[in-house]
Amino acid sequence: MKILVCISNVPDTTSKITFTNDNTTFNTTGVQFIINPYDEIALSKAVELAEGGKGTVTVINVGDGSTDATIRKALAIGADNAVRIDAAPRDAWFVANQIANYAKENAFDLILTGRESIDYNGTQIAAILGELLHIPSISIAKKMDIAGDSVSIEREIEGGKEVLTAKLPIVVGTAEGIAEPKIPNMRGIMSARTKPLEVLEPSSVDTLSHIVKYETPAPRGTVKLVDATEVEKLVSLLHDEAKVI
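Calculation notes
- Residue numbers here run from 1 along each chain, matching the order of that chain's written sequence.
- Residues qualify for local features only when their pLDDT is at least 70, as the model is predicted, and side-chain atom pairs are given and counted only at 80 or more; totals for whole chains, interfaces and linings, by contrast, use all residues.
- Side-chain descriptors were evaluated using all non-hydrogen atoms of the structure, hydrogens and water having been removed beforehand.
- The numbering of helices and of strands both runs from the N terminus, where a helix is a DSSP run of H or I of at least 4 residues and a strand a run of E of at least 2.
- By salt bridge we mean one thing: a side-chain nitrogen of Lys or Arg within 4 Å of a carboxyl oxygen of Asp or Glu.
- Working definition: with a 1.4 Å probe on protein chains only, accessible area under 20% of the residue-type maximum means buried, over 50% means exposed, and in between means partly exposed.
- Two aromatic rings, drawn from Phe, Tyr or Trp (for Trp, its six-membered ring), form a pair once their centres lie within 6.5 Å of each other, and the interplanar angle then sorts them: stacked below 30 degrees, edge-to-face above 60, tilted otherwise.
- Over a ring means this: the NZ of a Lys or the CZ of an Arg is within 6 Å of the ring centre and within 35 degrees of the ring normal.
- By this rule, a helix spans an expected 1.5 Å times one less than how many residues it contains.
- Pairing between two strands requires that DSSP report at least two bridges joining them.

Student: Looking at this structure, how should I read the environment of Ile-125?
Tutor: Counting through the fold element by element, Ile-125 comes out in helix H4 (residues 125-133). Here the alpha-carbon distance between Ile-125 and Asp-39, two residues 86 residues apart in the chain, equals 11 Å.

This is the structure:
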């Protein structure tokens, strides 16, 4: 089985986020970047499926040379080889087209993405990939079993769970629970240095959207503490000041 795992390079959740150029550009100074956690889950599932010679795992990233360290970590986790499309990831449409163009030429049986990236939370890549490749796509998968060319996927929906079946090839957007993230061991870290990382030029894609401006959330207001016995005062504050009742 040939498996393609799409990984993105995102800021660590502990990073302080700021913007420059009149809030039109994300400031990367001092920011630590990591593999998107949901993509890392997808990669861990791919490595499980390929264990014992059952398949090969290729990771693909759309980004410039600064993402190579993130890609090498993916190789250390267990991917066999990697591809980087040498371009800044403008938006989901652009990224999905780059990945789809590569996938069309390499006939993968299974394409895995994270359910979303933790920077933009778009949840778009898996669905767009499925449309571009004319194959099924299922997102927010919590469990996945493969038997032959049949795939059974369980995902959570409002009020319960949904179980779907499909045929390979397929695109799956994975969520937490489908696999435990793997920690690279020393052998994996050493072997990652020699595993192939192919850098490809991007294909031309029409620009359908662009970022006009970033805005940070409003700062938290002051907190008023009300004694548990002062119910009337609490109600008054909620009604007159907070205006939530």
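Student: What exactly am I supposed to notice about the pattern of salt bridges here?
Tutor: Per the stated rule, a full pass over the model turns up eleven salt bridges. Here Asp-68 makes a salt bridge to Arg-84, at a shortest N to O gap of 2.8 Å. Of this pair, Asp-68 sits in helix H2 (residues 68-77) while Arg-84 is found in strand E7 (residues 81-86), placing the two residues 16 residues apart along the sequence. We classify Arg-84 as buried; its relative accessible area is 6%. Taken together, the shared-partner salt bridges connect Arg-115, Glu-116, Lys-142 and Glu-176 into one network.

Student: Mind showing me how you'd approach the packing of aromatic side chains here?
Tutor: Aromatic rings in a pair are described by how distant their centres are and how their planes are angled relative to each other. Counted under the stated rule, the structure contains three aromatic pairs. Relative to Tyr-214, the ring of Phe-19 lies with its centre 4.5 Å away and its plane at 5°, an arrangement referred to as stacked. One end of the pair, Phe-19, is in strand E3 (residues 19-20); the other, Tyr-214, is in the loop between strand E13 (197-200) and helix H6 (231-240), with 195 residues separating them in the sequence. Overall, Tyr-214 belongs to the buried group, its relative accessible area being 15%. Taking 6.0 Å as the distance between ring centres and 35° as the angle between the ring planes, the aromatic pair formed by Tyr-102 and Phe-108 counts as tilted. With relative accessibility at 9%, the residue Phe-108 sits in the buried group. Through a chain of ring-to-ring contacts, the aromatic side chains of Phe-19, Phe-26 and Tyr-214 assemble into a single cluster. The ring of Phe-108 is capped by Lys-2, whose NZ or CZ atom sits 4.9 Å from the centre of that ring. One residue, Arg-115, lies across the ring of Tyr-38, its end atom 5.6 Å from the ring centre.

Student: How should helix H1 (residues 37-50) be read in this particular structure?
Tutor: Because the α-helix completes a turn every 3.6 residues, residues three or four places apart line up on one side. With 14 residues, H1 ought to run about 20 Å at 1.5 Å a step, and its terminal C-alpha atoms sit 20 Å apart, in line with that. Where burial is concerned, most of H1 is hidden: twelve out of the 14 residues are buried. Among all positions in H1, only Tyr-38, Asp-39, Glu-40, Ile-41, Ala-42, Leu-43, Ser-44, Lys-45, Ala-46, Val-47, Leu-49 and Ala-50 are buried.

Student: Can you walk me through the pairing of strand E11 (residues 160-167) in this structure?
Tutor: Consecutive side chains of a regular strand alternate in pointing toward one face of the sheet and then the other. One ladder, built from eight bridges, connects strand E10 (residues 150-157) with E11; its direction is antiparallel. Directly across from Ile-153, in E11, lies its bridge partner Leu-164. Hairpin connection, E10 to E11: the antiparallel pair is bridged by two residues, and Gly-159 has positive phi, about 90°.

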